[in-house]
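For reference, the chains in residue letters:
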Amino acid sequence: MARTVWDSSVGKKTVMAVSGLIMLLYLVAHMIGNLKIFFGSGEFNHYAHWLRTVGEPFMHYEWTLWLVRIVLVVAVVAHAVSAYQLSRRDIKARPSKYVHKKPRASYATRTMRWGGIILGLFIVWHILDLTTGTVHPGFQPGHPYQNVVDTFSTWYGNVIYIVAMLALGLHIRHGFWSAAQTLGVGSRTRDRALKTVANVLALLLTAGFIAVPVGVMTGVVS
Ligand code: HEM
């Protein structure tokens with residue numbers, strides 16, 4: 001049964017929609033958490049510490065965090081694998097090869113594909129930058145406020161994050177809309193409202209995330 005669903009295009013699109021919505025929920029929470037940086041280092045670092053102690057004493061130190069990490073990794077992998085397989089299927093379904101070298105996929109498909117690749121690379125960079133500190137000179141474990149300020153005190157930090165946040169906005173704008181269609185929420189009467197929700201969500205997330213580097217660059221956060 002699960003195999004049949006996974007083998008169908010609708011099944012893969014459903015996997016994309018559900019995994020995308022899980023990541024979207026995480027991003028809303030992450031963006032709200034990040035905005036605490038405007039309330040000072042004490043509040044931001046305390047929040048980062050709380051992320052590791054959520055659920056205690058039932059959960060052990062960092063168990064909830066690891067649970068969230070596992071769910072996110074499964075969601076990212078499921079999202080990427082189904083996207084790849086759907087795009088392969090799309091190419092194979094062509095009745096014949098184009099005589100002229102035309103773009104193979106639609107504008108939306110191509111932006112989603114490139115947006116997805118940029119976001120995948122960004123997530124790896126972001127974890128090496130602010131979680132493990134591997135690519136972050138002077139990284140201080142347990143001091144996320146200072147680490148974030150350091151990241152946005154370099155030109156490349158700002159460029160990487162701002163480009164990724166813009167890609168994120170575009171990806172969510174189209175992705176949210178597609179997910180709604182796949183899950184059967186769309187209808188002629190609801191489509192306009194759904195497009196508005198997709199636009200507002202994309203705009204809020206992009207603006208909320210970009211507020212942090214802008215805060216550091218303008219000296220509001222230092
Ligand atoms: C300006 C934007 C962002 C800032 C300032 C920021 C900040 C941070 C910080 C400080 C951490 C480390 C938290 C800790 O260890 O206590 C973190 C972790 C993380 N962020 Fe972001 N983030 C931003 C955008 C994003 C975006 C757009 C995504 C996803 C597309 C994302 C996904 C993650 C993930 C997956 C983790 C790893 C969580 C973990 O395993 O510890 N972040 N972020």
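Refer to the structure printed above.
Residues numbered from 1 in each chain as written. Predicted model: local features only at pLDDT ≥ 70, side-chain atom pairs only at ≥ 80, totals over all residues. Heavy atoms only, no water.

Caption draft 1: Just the coordination of the iron atom of the ligand, in detail. Around the iron atom of the ligand, the protein contributes the donor atoms His30 (NE2) and His126 (NE2), at 1.9 to 2.0 Å from the metal centre. Here the iron atom of the ligand is ringed by six donor atoms whose angles at the metal span 86 to 179 degrees, and the overall shape comes out octahedral. You can see His30 sitting in helix α2 (residues 9–34) and its partner His126 sitting in helix α5 (residues 107–131), a full 96 residues away along the chain. (Donors = N, O, S within 2.8 Å, 3.2 Å for Na, K, Ca; no water. Tetrahedral: all angles 85-135°; square planar, octahedral: opposite > 155°, others 65-115°. Helix = DSSP H or I, 4+ residues; strand = E, 2+ residues; numbered from the N terminus.)

Caption draft 2: Structural view of helix α7 (residues 155–182). With 28 residues, α7 extends 40 Å between its outermost C-alpha atoms, agreeing within 8% with the 40 Å of an ideal straight helix rising 1.5 Å per residue. Just past α7, the residue Gly184 takes up positive phi, approximately 80 degrees. (Expected span 1.5 Å × (residues − 1).)

Caption draft 3: Quick peek at the packing of aromatic side chains. Scanning the model with the defined rule gives six aromatic pairs in all. Ring centres of Phe152 and Tyr161 lie 4.9 Å apart, and the angle between their planes is 85 degrees; on these two criteria the pair is classed as edge-to-face. Here Phe152 matches Tyr161 in class, with each residue buried. Positioned above the aromatic ring of Trp6 is the side chain of Lys12, whose terminal nitrogen or guanidinium carbon lies 4.0 Å from the ring centre. Residue placement shows Arg69 over the ring face of Trp66; its charged tip is 4.4 Å from the ring centre. (Phe/Tyr/Trp six-rings, centres within 6.5 Å; stacked < 30°, edge-to-face > 60°. Buried < 20%, exposed > 50% of the residue type's maximum accessible area, 1.4 Å probe, protein only. Lys NZ or Arg CZ within 6 Å of the ring centre and 35° of its normal.)

Caption draft 4: A look at a nonpolar patch on the surface. The grouping of Val18, Leu21, Ile22, Val71, Leu183 and Val185 at the surface amounts to a nonpolar patch, some 410 Å² of accessible area in total. Per element, the largest residue contribution to the nonpolar patch is three residues, and it comes from α2. The residue Ile22 is located in helix α2 in this model. Classification of Ile22 as partly exposed rests on a relative accessible area of 35%. (Patch = residues over 30% accessible without salt bridge, like charges linked within 9 Å, V, L, I, M, F, W, Y side chains within 5 Å. Areas by Shrake-Rupley, 256 points an atom, 1.4 Å probe, with all protein chains shown as cover. Salt bridge = Lys/Arg side-chain N within 4 Å of Asp/Glu carboxyl O.)

Caption draft 5: The pattern of salt bridges, seen in detail. Inspection of the entire model under this criterion finds three salt bridges. With a closest N to O distance of 3.4 Å, Asp7 and Arg3 form a salt bridge. Taken together, the positions of Asp7 and Arg3, both in helix α1 (residues 2–7) and four residues apart, correspond to about one turn of that helix. The residue Glu43 makes a salt bridge to Lys36 at a minimum N-O spacing of 3.2 Å. Judged by relative accessible area, Lys36 falls into the partly exposed class, the value being 26%.

Caption draft 6: Quick look at the site of the ligand. What surrounds the ligand is a group of 20 residues, the closest being His30, Asn34, Arg52, Arg69 and His126. At 2.8 Å from an oxygen atom of the ligand is found a side-chain nitrogen or oxygen belonging to Arg52. Of all the elements in the fold, those that place two or more residues in the shell around the ligand are α2, α3 (41–53), α5, α7 and α8 (191–217). Here the element with the most residues in the shell around the ligand is α5; it accounts for five residues. Class assignment for the residues of the shell around the ligand results in 14 nonpolar, four polar and two charged. (Near = heavy atom within 4 Å. Polar contact = N/O pair within 3.5 Å; in protein donor to acceptor, adjacent residues only side chain to side chain. Nonpolar A, V, L, I, M, F, W, Y, C, P; charged D, E, K, R; others polar.)

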